[in-house]
Amino acid sequence: TTKAAATDSVSRSANGYEIKTVGGVTYVDGVLVANKTYGLPASYYTGGLTAECDHAYDNLKAAAAKAGYSLYISSGFRDYYTQDAIYNRYVANDGKANADRYSARPGHSEHQTGLAFDLNSCYQSFGDTPEGQWLAANSWKYGFIIRYPRGKESITGYQYEPWHVRYLGKSTAEAVYD
């Protein structure tokens, strides 16, 4: 056996979820998490969508096309340093408090995980388009969730983003959707 790194840990949340940190990467009940609470090290780099996420996206896109809708990735994988530049630009333009409502700080972006991306249009009105409505109703069938749903800012920490999807796998996505 190897000795765990000093930052590695296992604990339980107040709700009983296992929170495991390995090499600076946090998993909650086995699901990799990057959010305002749990970050990723700058060195965490997948280089793009994970193979599993990419395959699921191909299935999602094909199903949407079969239903008559066009989905495309408008913003995919972002490494730590790209997110740093984006976030700091938003802070310079809108201030830190406003930027924190719609942009992740570096190391806290789901885009860095290789499991999340933005589809089509990064405007809230995307949720009212036929593509946005189809995505909201069907993404879970392919392992995705709309990560920042309407009315959940107090939970997610981010404003409504109908374009931002996160891959969780089919069973977890279905549980979250339900």
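Residues numbered from 1 in each chain as written. Predicted model: local features only at pLDDT ≥ 70, side-chain atom pairs only at ≥ 80, totals over all residues. Heavy atoms only, no water.

Visitor: Help me understand the sheet that holds strand β4 (residues 31–33) in this model?
Guide: For sheets, the rule is that strands pair by backbone hydrogen bonds, running either parallel or antiparallel. The strand order across the open sheet built from four strands is β1-β2-β3-β4, with neighbouring strands paired in antiparallel fashion. Taken across any chain shown, the strands that pair with only one partner, and hence form the sheet edges, are β1 (9–12) and β4. Between one strand and the next, the sheet's axes are offset by a mean angle of 30 degrees, whatever the strand orientation. In this structure, β1 lies alongside strand β2 (residues 18–22), joined through four bridges in antiparallel fashion. Bridge pairing in β2 links Ser 11 to Ile 19. (Pairing = 2+ DSSP bridges. Helix = DSSP H or I, 4+ residues; strand = E, 2+ residues; numbered from the N terminus. Axes fitted to C-alpha atoms, helices over the stretch in contact; angles between N-to-C directions.)

Visitor: Just to check I follow, could you spell out the pairing of β2 for this structure?
Guide: Consecutive side chains of a regular strand alternate in pointing toward one face of the sheet and then the other. Side chains Ile 19 and Thr 21 project from β2 onto a buried face, and the interleaved Glu 18, Lys 20 and Val 22 project onto a face without burial. With antiparallel pairing between neighbouring strands as the criterion, β1 and β2 make up a hairpin whose turn holds five residues, including Gly 16 at a positive phi of roughly 90 degrees. Pairing between β2 and strand β3 (residues 25–28): four bridges, direction antiparallel. Note that in β3 the partner of Lys 20 across the bridge is Tyr 27. In this structure, the hairpin formed by β2 and β3 is closed by a connection of two residues, where Gly 23 is found at a positive phi of approximately 60 degrees. (Buried < 20%, exposed > 50% of the residue type's maximum accessible area, 1.4 Å probe, protein only.)

Visitor: Looking at this model, I keep getting lost on the packing of aromatic side chains. Mind explaining?
Guide: Tallied over the entire structure, the rule returns 10 aromatic pairs. When the ring of Trp 140 is compared with that of Tyr 177, the centres are 5.2 Å apart and the planes differ by 20 degrees; the resulting orientation is stacked. Placement of the pair is Trp 140 in the loop between α4 (130–138) and β7 (144–148) and Tyr 177 in helix α6 (residues 170–177), with a sequence separation of 37 residues. By relative accessible area, Tyr 177 is classed as partly exposed at 43%. (Phe/Tyr/Trp six-rings, centres within 6.5 Å; stacked < 30°, edge-to-face > 60°.)

Visitor: I would appreciate a short explanation of the pairing of β3 in the present structure.
Guide: Two strands pair when backbone bridges link them, and β3 and β4 are joined in this way by three bridges, in the antiparallel orientation. Counterpart to Thr 26 in the pairing with β4 is Val 33. Connecting β3 to the antiparallel partner β4 that follows it, the hairpin turn spans two residues, and Asp 29 within it adopts a positive phi of roughly 50 degrees.

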